[in-house]
Protein chains: 2
Amino acid sequence: MNADPSYDPRTGEQRGSVPHTSPERVAGILRLASAAAVIVADTSPTTRLGWLTAIADALAAHEPELVRIAGEETGLGADRLRGELAKCAASTRFYGAVAAEGSYLQAGTEGIGGESTLSRWNIPVGPVAVFGASNFPFGFGVIGHDAASALAAGCPVIVKAHPAHPRLSVRLAGLVTDALAEAGAPEGSYALVVGFDAGLQLIDAPEVTAVAFTGSQGGGMALVDRAAARGVPVFAEMGTVNPVFVTTDAAATPQEIAAGFAQSFTLGAGQFCTKPGLLFAPAGAGIFDAVLAELAQVEAAPLLTAGIAAGYRAGVAQLAAAAGASAPAEAVADAPVVAAETAADVVAGPAADGAAGAAADVAPDAAAHPRDGYAVAPRAIRVRLDDLHPGSRLLEECFGPVALVCEYEEAGDALDALVRLQPSLVASVFTGGPGDPESAEVVRRLLGRVGRVALNAWPTGVATSWSMQHGGPWPATSRSDATSVGAGALGRFVRPVAVQNAEPAHLPAALQPDNPWRIPRRINGKLTVPSE
Amino acid sequence: MNADPSYDPRTGEQRGSVPHTSPERVAGILRLASAAAVIVADTSPTTRLGWLTAIADALAAHEPELVRIAGEETGLGADRLRGELAKCAASTRFYGAVAAEGSYLQAGTEGIGGESTLSRWNIPVGPVAVFGASNFPFGFGVIGHDAASALAAGCPVIVKAHPAHPRLSVRLAGLVTDALAEAGAPEGSYALVVGFDAGLQLIDAPEVTAVAFTGSQGGGMALVDRAAARGVPVFAEMGTVNPVFVTTDAAATPQEIAAGFAQSFTLGAGQFCTKPGLLFAPAGAGIFDAVLAELAQVEAAPLLTAGIAAGYRAGVAQLAAAAGASAPAEAVADAPVVAAETAADVVAGPAADGAAGAAADVAPDAAAHPRDGYAVAPRAIRVRLDDLHPGSRLLEECFGPVALVCEYEEAGDALDALVRLQPSLVASVFTGGPGDPESAEVVRRLLGRVGRVALNAWPTGVATSWSMQHGGPWPATSRSDATSVGAGALGRFVRPVAVQNAEPAHLPAALQPDNPWRIPRRINGKLTVPSE
């Protein structure tokens, strides 16, 4: 295969394809990026704010076209895609503003005895390879958080198109390339490659100094391992099962909890890395039954690809089997049966295992691209606390609209179970308010296992802001000190350097005596912020 | 072998030994560290400043004893050891002060729409394993930059004794443990383990959340690989060949350059990770000959261990062979021949290769511990620019008092060679002053390859200060974004977390509305520093 075919998940029909980038062309892109790196590194953050603003403007100006193509390749629906595109444009501007504010440079200078001085600041690492995700064509695609924050930090970006949306990737990359050129960015600041082999070539290329990836644990860890051979950092945001804890007090409103949960874990057909995958609620409040009732109202939605749909069916079967060994018969929700979805899909046992194996190998052939698309029904599965032990399938992510509900008898037992889960990106806690006696301890335990705890809010909302942390301990990400959303995202693409006894000519504007960029700096140990 | 023998490098004599820590005892230490982590994480930075001050006081109070034991195990000389101990005490206080200043917490809070808020700050990662270095018994030993910065950041520390100074490790650890206990730190905040197997147990222990290592590339990369299996970050400071560039203008004072170079690369018998390993100077200034003349005045000094001495002899032979293939006969300096050092040590050829193999396997038996100690003579080797190609032995570190001198005809050719070197921790540039036309470009190229550039200063001086960067791109370190000296050192041992819609009870003091710790914070996007 020397092209990425484009499929419509709503119908399974192919609409064209995008040719893979040849090794020679990738090599040329790498050379240009390397040359551009020197030029981009020398630009001011304000200049790059201008570039990012131009990109955001171009995205906004092409909304109808972009939303149409994205809809054809993802089936995510126009409203969702319109919202995601608007957020992408806003976050692109935000990363430019974060660069211009200048704290990310961590600039400082000081005397270190006698006439000696020492100055330190962050420099861009160089060309960054970005491997975007299937599930956020605008948020984590060929533009989005990774690409925009890398550009803001002063690094050229080479993006690899995700095979789930190749046509959109080409169109977006064209808009970004044109916007950058018109805004004055050097050739080589940004480029797109298509195809698996082109991606491998990026990972192995000496020109590439950092890698950002959003996707599965398997894919992320493969990149981490491969890049480790030459010491290149891979910031892989992989995602795991994000837990939700409902305290005894909060369970007083079971309908509200159930409705919010069902909405959150079926958002975007459950294809969120922040999907709440496992909810703990007190027994007796009827939350599982309420979730089932809510699911009956949720329409089936197409998953992004035939492979994801097959993986989802196999995963649901595995979860049902893992829960069914000790769970009551109603464990698997009798959700509405939709096109391409039959009861057999969730039957536990050897047949399901076979399906799982097949899913891993699923080929994008006609059989796997049924005319009725990749639609699946949402599922909820009841699990017992005792079954949530390390190594259980129940503790691993299943991509798509399925979630587990664990109704606990004793809050203490559920709290103990929390630390047996894989670390994750985010957790939610529903409390009865400031006086809730359980909430402080729940938050405390979760903070040791996740990157973010949302109180009385579902985990699927991720603000692009100064204080966002979108990361988490391994294996939720490969770098628990990093974030792929929010102001901290720039920090992945810089490294500190120091110059001792520098003449002004050797120092960047960030450290010139008159502070021309008007940024926060640490002078002789004291952090100073320019007045407004 | 179930004990680390203690040898005197000046005589080769054994003075006792220190038993290895049993697996059961290591397991107990890990349990205690894990329990302590929760308590330490909840202390204020000012409390930990108190602990670190108590450690520094204890070190200072025991100077004569500590310098005596260190001298017996390292042969580094009382003056050097006294200076290093004083710096260790000062840096221990400094890391406490950095914690108290509070910027390392990166605390911030903001509104994110409606009544929603988001707060973010850094939490300590948990127990840190520290693998100290042979060459800085106080600076990077069982106490020193790694251990002190981890404690300052709020992490319990488990240190592994370096086999080069087991008795000193035990004494230091005893002082630190007592000082911490008296200052009120919880049991488990700090512990020592002895032995290779105990070290492996730390790397594999789920309780250990980060590792700091200072030493060889081989050792560091082995730890990185092993810890990668469970996603634990290893901050390995490994060191490479640190280049020095002398511009045409600066070569007007060849004697001064030569004297400074010889002093810098023979400091501590050349056992510095910041040792200048390769000097570029314009041809015709006579710098290599001047260096040879300087070396004639440098007394032989014992290396730290029999293995290091054997490795040095083999390394010098390899370097001479690599240089000799095309270099003139005087390439290897005819340095003073000292005890245990013969001309055969620097003969190139198959015999030298054999010696290199033997060095790797050297056993601490009687034959390897000659009565006359591990003293070696310093060496300078002239190399040709053309021989500095990737893969050459000339570009790899040789631990001990040997350095290369490359006399260039064209500054441009030497500049091009700079980017063929392995990235390194630090580089020095000697210039003719602010008007030197070459210096800006040299600094510019070096900044892409090193962590620090020292202008008109030798690389071996490393200040513990706010703006120090002691790190460098891989393979100089495993994490180019990190530093193991200076205020940034704390950043290795924290990770960011965010809480959405937090009640005050769920937030740390760092984010309480009245800012009780009086630290810099980012409120609604604006960085604010408390007034004095």
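Data block above holds the structure.
Please read these numbers as outputs of a predicted model, since none were measured by experiment.

> Before we go on, may I ask you to explain the overall build of chain A in this structure?
Within chain A, the secondary structure is distributed over 14 helices and 20 strands. When each of the 532 residues of chain A is scored for burial, the buried share is 60%. Of the contacts formed within chain A by residues at least 6 apart in sequence, a portion of 78% connects residues at least 24 apart. With an accessible surface of roughly 18500 Å², chain A has 55% of that area assigned to carbon and sulfur atoms. Of the side chains in chain A, 35 bear a positive and 53 a negative charge, and the two mean positions are spaced by 5 Å.

> Got a minute to help me understand the environment of Arg444(B) in this structure?
Tracing the backbone through its elements, the reader meets Arg444(B) in helix H14 (residues 439-447). Arg444(B) has contacts with Val38(A) and Asp42(A), leaving out every residue within four places of it along the chain. Of the polar contacts made by the side chain of Arg444(B), one reaches the side chain of Asp42(A); its length is 3.1 Å.

> What am I meant to see in the pattern of salt bridges here?
Pairing between side chains becomes possible if they bear opposite charge and their charged atoms approach one another. By the definition in use, this model includes 40 salt bridges over all chains. A salt bridge links Arg479(A) to Asp481(B), with the shortest nitrogen-to-oxygen separation between them at 2.9 Å. Taken together, the residues Arg479(A) in the loop between strand S17 (450-455) and strand S18 (494-500) and Asp481(B) in the loop between strand S17 (450-455) and strand S18 (494-500) connect one chain to another. The closest approach of N and O atoms between Glu72(B) and Arg68(B), which form a salt bridge, is 3.3 Å. Placement of the pair is Glu72(B) and Arg68(B) together in helix H3 (residues 63-74), with a separation of four residues, close to one helical turn. In the salt-bridge network here, residues are joined through shared partners; they are Asp8(A), Arg10(A), Arg15(A), Arg68(A), Glu72(A) and Arg167(A).

> Can you help me understand the interface of chain A and chain B in this one?
On the side of chain B, 67 residues touch chain A, which itself brings 67 residues to the contact. When chain A packs against chain B, the two sides together hide about 5200 Å² of surface, and 52% of this comes from carbon and sulfur. When the buried area of chain A at its contact with chain B is split by residue, Ser467(A), Arg495(A) and Gln500(A) rank highest and sum to 12% of it. If you look at where chain A meets chain B, you find six salt bridges.

> Just checking my understanding: could you explain helix H9 (residues 254-266) of chain B for this structure?
Structural remark: α-helix, 3.6 residues per turn; residues separated by three or four positions point the same way. All names here are of chain B. Between its first and last C-alpha atoms H9 spans 18 Å; for 13 residues at 1.5 Å apiece the expected length is 18 Å, and the two agree. For H9, every residue scored as buried is listed here: Pro254, Ile257, Ala258, Gly260, Phe261, Ala262, Ser264, Phe265 and Thr266. Residues of H9 that are buried sit in contact with strand S10 (242-246), strand S11 (276-282), helix H10 (287-295), strand S14 (379-383), strand S15 (402-408) and strand S16 (424-430). Gly268 sits one or two positions beyond H9 and adopts a positive phi of about 55°.

> Looking at this model, I keep getting lost on the relation of the copies chain A and chain B. Mind explaining?
The two chain copies are connected by a rotation around an axis plus a translation along it. Taken as rigid bodies, chain A and chain B are interconverted by a rotation of 180° and an axial shift of 0.0 Å, the fit giving an RMSD of 0.0 Å. On this basis, the relationship between the two copies can be described by a two-fold rotation axis. The rotation axis passes nearest to the C-alpha of Val529(A) in chain A, at a distance of 3.7 Å. When the interface residues of chain A are mapped onto chain B, 100% of them again lie at the interface, so the same face is used by both copies.

> Could you clarify how one ought to interpret unusual backbone geometry in this entry?
Note on backbone geometry: most residues besides glycine have negative phi, and most peptide bonds are trans. Looking along the chain, the bond that leaves Trp474(A) and enters Pro475(A) is cis, with omega of 5°. The topology assignment puts Pro475(A) in the loop between S17 and S18. Here the phi dihedral of Gln106(B) falls at roughly 50°; this positive angle occurs in a residue that is not glycine. On the secondary structure map, Gln106(B) appears in the loop between helix H4 (78-101) and strand S3 (108-111). At Asn515(B), a residue that is not glycine, the phi angle is positive and equals roughly 50°. Note that Asn515(B) resides in the loop between S18 and strand S19 (521-523). Classification of Asn515(B) by relative accessible area gives buried; the value is 13%.

> Just to check I follow, could you spell out the packing of helix H3 (residues 63-74) of chain A against helix H6 (residues 166-182) of chain A for this structure?
In helix packing, the relevant descriptors are the interaxial angle and the interaxial distance, both defined with respect to the helix axes. Residue and element names in this part refer to chain A. Between H3 and H6, the shortest axis-to-axis distance is 8 Å and the interhelical angle comes to 155°. In terms of orientation, H3 lies roughly antiparallel with respect to H6. In this structure, the crossing between H3 and H6 has a hand that is left-handed. Residues Glu65, Leu66, Ile69, Ala70, Glu72 and Glu73 of H3 form the contact with H6, whose participating residues are Pro166, Arg167, Leu168, Arg171, Leu172 and Leu175. Per-class residue counts for the contact of H3 with H6 are seven nonpolar, no polar and five charged.

> Is there a simple way to think about the packing of aromatic side chains in this case?
Aromatic ring pairs are reported here in terms of the distance separating the ring centres and the angle at which the planes meet. Residue and element names in this part refer to chain A. Under the criterion given, the structure shown has 20 aromatic pairs over all chains. Judged by centre distance (6.3 Å) and plane angle (80°), the rings of Phe136 and Phe140 are edge-to-face. Classification of Phe136 as buried rests on a relative accessible area of 14%. An aromatic cluster is defined as three or more aromatic residues linked by ring pairs; in this entry it consists of Phe261, Phe265, Phe430 and Trp458.

Calculation criteria
- Residues numbered from 1 in each chain as written.
- Chains lettered and ligands numbered in written order.
- Predicted model: local features only at pLDDT ≥ 70, side-chain atom pairs only at ≥ 80, totals over all residues.
- Heavy atoms only, no water.
- Helix = DSSP H or I, 4+ residues; strand = E, 2+ residues; numbered from the N terminus.
- Buried < 20%, exposed > 50% of the residue type's maximum accessible area, 1.4 Å probe, protein only.
- Contact = heavy atoms within 4.5 Å.
- Areas by Shrake-Rupley, 256 points an atom, 1.4 Å probe, with all protein chains shown as cover.
- Lys, Arg positive; Asp, Glu negative; His and termini not counted.
- Charge placed at Lys NZ, Arg CZ, Asp CG, Glu CD.
- Polar contact = N/O pair within 3.5 Å; in protein donor to acceptor, adjacent residues only side chain to side chain.
- Salt bridge = Lys/Arg side-chain N within 4 Å of Asp/Glu carboxyl O.
- Buried area = accessible area lost by both parts, 1.4 Å probe.
- Expected span 1.5 Å × (residues − 1).
- Least-squares fit on C-alpha atoms with pLDDT ≥ 70 in both.
- Axes fitted to C-alpha atoms, helices over the stretch in contact; angles between N-to-C directions.
- Parallel < 35°, antiparallel > 145°, perpendicular 65-115°, else oblique.
- Left-handed = near helix turned anticlockwise from the far one by under 90°.
- Nonpolar A, V, L, I, M, F, W, Y, C, P; charged D, E, K, R; others polar.
- Phe/Tyr/Trp six-rings, centres within 6.5 Å; stacked < 30°, edge-to-face > 60°.

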